[in-house]
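A structural walkthrough
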Amino acid sequence: MAKPARARRPLSTLWLVAVSVFAGLPVLWMALTSFQSMDDLVGTGRHLLPGHLSFDAYGEVVRAYPFLQWFLNSVLVAGAVVAGNLVFDTLAAYGLSRVRFRGRQAVFTLILATLMIPTQVILVPLYLFMRDLGWIDTYWALIVPFLASPTGIFLLRQHLVTLPVQLDEAAAIDGAGRLRTLVSILLPNSWSALGTVAVLKFMWTWGEFAWPSLVTNDELLRTLPVGLARFQNQFAPRWDLLMAGSVLAAIPVVLCFVLLQRTFVRGMTGGAVKE
Amino acid sequence: MASLTDLRAHRRGQVADGRRRSTPRRRSSGTLAGWLSVAPALLVILGFTFYPMVQSMLLSTDHWNLLGPKTFVGADNYRTILAAGSFRDSMVNTVVFTAITMVGTYVLALATAMAANRELASARLVRTVTVLPAVIPMVVAGLVWKWMYEPDHGLVNTMAGLFGADGARWLFDNHLALPAVAVVSIWKEFGIYALILLGGLQRIPDEIYEAATIDRAGPWRQFRSITLPMLRPASAAVFLLLLFNSFKVFDQVWVMTEGGPGNATLTVVTFIYTKLLSDVGVASAASVVLFAVLLALTVLRHWTTRKES
């Protein structure tokens, strides 16, 4: 609706302000709550804005609960899953886009089919599999099943097929083997795709809830979302603490989101080879 | 430098000597290299997604509580869930939740995309703010909204009070709880979908609107006859994503209501979760039903798009 609509611009502006408030207010409310005391939140003389900024909730949440441990667990699990996906998905995407081999089409079809299986419908047998492996209450259960993903393979393959085959040929003439070609020629031309996969996997793994809460009973093995959810069930709601914990759980992914925007820009302005 | 795949092949004696440095011509026989490159990912996917999927189907015909022996009961679990009020409730709730989420998200996203399309200058800021909820973990979103819905001190009722309205006990009311949970999904996702729709809007050429204006078509007519039809591919993508994601809703339900009050917010995945460790066969049967529904939706979508083109 470009030109004819010029006259109605104020309405558009008003709408954009309204949806921005709708989107931003809960986040702001979370942050504000985390800086207030419980008395300020539920007392009679309650304020919407904190009278004074108090970091007490953060102190208490970190001191009284294994919050730092949960944070570290989340970092470890998300980091390992991202690293695994970058290696395994890239290798598979390379094989599916650059190597001709018998069975390639079958493998690709299988991976596409897997895209359709939601984790939710395999929770039961996956849990039993972990139990048989003795992986319940270990990091293995949180990491290993997610080291490769059809989504990542698919995204990376879609990117690799757009890179000209001449790149490989030039590398081969210079005497580079397959792995060398992949690492020194193809990957440097794929930062945007790799960045996208890394950030998406990081966000998804970081926010994961159903699976980690199923396979961990040990309090010290919980990831942040699991810790937060269990911790809210244990006590009469301490909203100050819950929101402080929520802020801590949100910060890494929000930072990641900022990185994602930059990655996209770089992806658009990059492009080493132009044909 | 020899590649890792070549080195591995060497060690296994599967490649003749003198082949360390491959050239394009030699690469035409890449079967070994191909399989080596896809093997790690394939193993993970086969082992941790395909194998469990098959297991799920097998387990759905057993009666088992994880501890005792498994007994084969055929279609009994399916009969059980179809007869169980709670599973039917969860199905109905999932469909209602999906309907509310799809309509709410699409309308909000489309309106936002159209407004942003007119005002590209402010679009960047709006994009950042509206997409922000999407990156926050669902558990965090659920907790924040649970606090917002809190009857006595929550933001929603406090704001309602400012306008002289009575608040509600949102998450404790049989009729309000499901829509209240759906609002969280709408809040979280609409920014992403607005971006997809904005992309679609920007591909519509201005000339079409100019021609329509010359023909004296009003804004509503232009919206109906140009914007909506031209936006169909983007809308179709949005609907499909919304449908799949809504059908699998779990995290915020579990955090905010655990399926309650009564069964008011019990969804299919929540149902599976409650049965997971006590009644494996029933949970598996429900999983298979959920998978069948998602599969049917995918097939239906393929079929309709093929018919169109």
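Residues numbered from 1 in each chain as written. Chains lettered and ligands numbered in written order. Predicted model: local features only at pLDDT ≥ 70, side-chain atom pairs only at ≥ 80, totals over all residues. Heavy atoms only, no water.

Our next topic: the packing of aromatic side chains. For the coordinates displayed, the defined rule picks out 27 aromatic pairs over all chains. An angle of 35 degrees between the planes, with centres 6.3 Å apart, marks the rings of A:Trp135 and A:Trp140 as tilted. Of the residues examined, A:Trp140 reaches a relative accessible area of 52% and is grouped as exposed. Geometrically, the ring pair formed by A:Phe209 and B:Phe250 is stacked, given 6.1 Å between the ring centres and 20 degrees between the ring planes. (Phe/Tyr/Trp six-rings, centres within 6.5 Å; stacked < 30°, edge-to-face > 60°. Buried < 20%, exposed > 50% of the residue type's maximum accessible area, 1.4 Å probe, protein only.)

Attention now goes to the packing of helix 9 (residues 206-214) of chain B against helix 10 (residues 219-230) of chain B. All names here are of chain B. Between helix 9 and helix 10, the least distance of the axes is 11 Å, while the angle of their chain directions is 165 degrees. Taken together, helix 9 and helix 10 sit at an angle that is classed as roughly antiparallel. Crossing hand, helix 9 versus helix 10: right-handed. Where helix 9 approaches helix 10, its residues Ile208, Tyr209, Ala212 and Thr213 are matched on the opposing element by Gln222, Ile226, Thr227 and Met230. For the contact of helix 9 with helix 10, the residue count by class is 5 nonpolar, 3 polar and no charged. (Axes fitted to C-alpha atoms, helices over the stretch in contact; angles between N-to-C directions. Helix = DSSP H or I, 4+ residues; strand = E, 2+ residues; numbered from the N terminus. Parallel < 35°, antiparallel > 145°, perpendicular 65-115°, else oblique. Left-handed = near helix turned anticlockwise from the far one by under 90°. Contact = heavy atoms within 4.5 Å. Nonpolar A, V, L, I, M, F, W, Y, C, P; charged D, E, K, R; others polar.)

Among the structural elements, B:Thr267 can be located in the loop between helix 12 (251-256) and helix 13 (268-275). For B:Thr267, a relative accessible area of 1% translates into the label buried.

Taking the numbering used here, the UniProt-annotated feature "transmembrane region" (unreviewed entry) corresponds to residues 29-51, 95-116, 128-149, 176-198, 230-247 and 280-300 of chain B. The span residues 280-300 of chain B is 100% helical and 0% strand by assignment, and the distance between its end C-alpha atoms comes to 30 Å. (UniProt positions renumbered as here; feature names shortened; annotations may be inferred.)

Another point: the UniProt feature "transmembrane region" (unreviewed entry) in chain A. Residue and element names in this part refer to chain A. Under the UniProt annotation, the feature "transmembrane region" (unreviewed entry) is placed at residues 12-32, 70-94, 106-127, 139-156, 182-204 and 241-260. Within residues 106-127, the helical portion is 64% and the strand portion 0%, while the C-alpha atoms at the span's ends are 28 Å from each other. This span, residues 182-204, is 83% helix and 0% strand, and a straight line between its end C-alpha atoms measures 27 Å.

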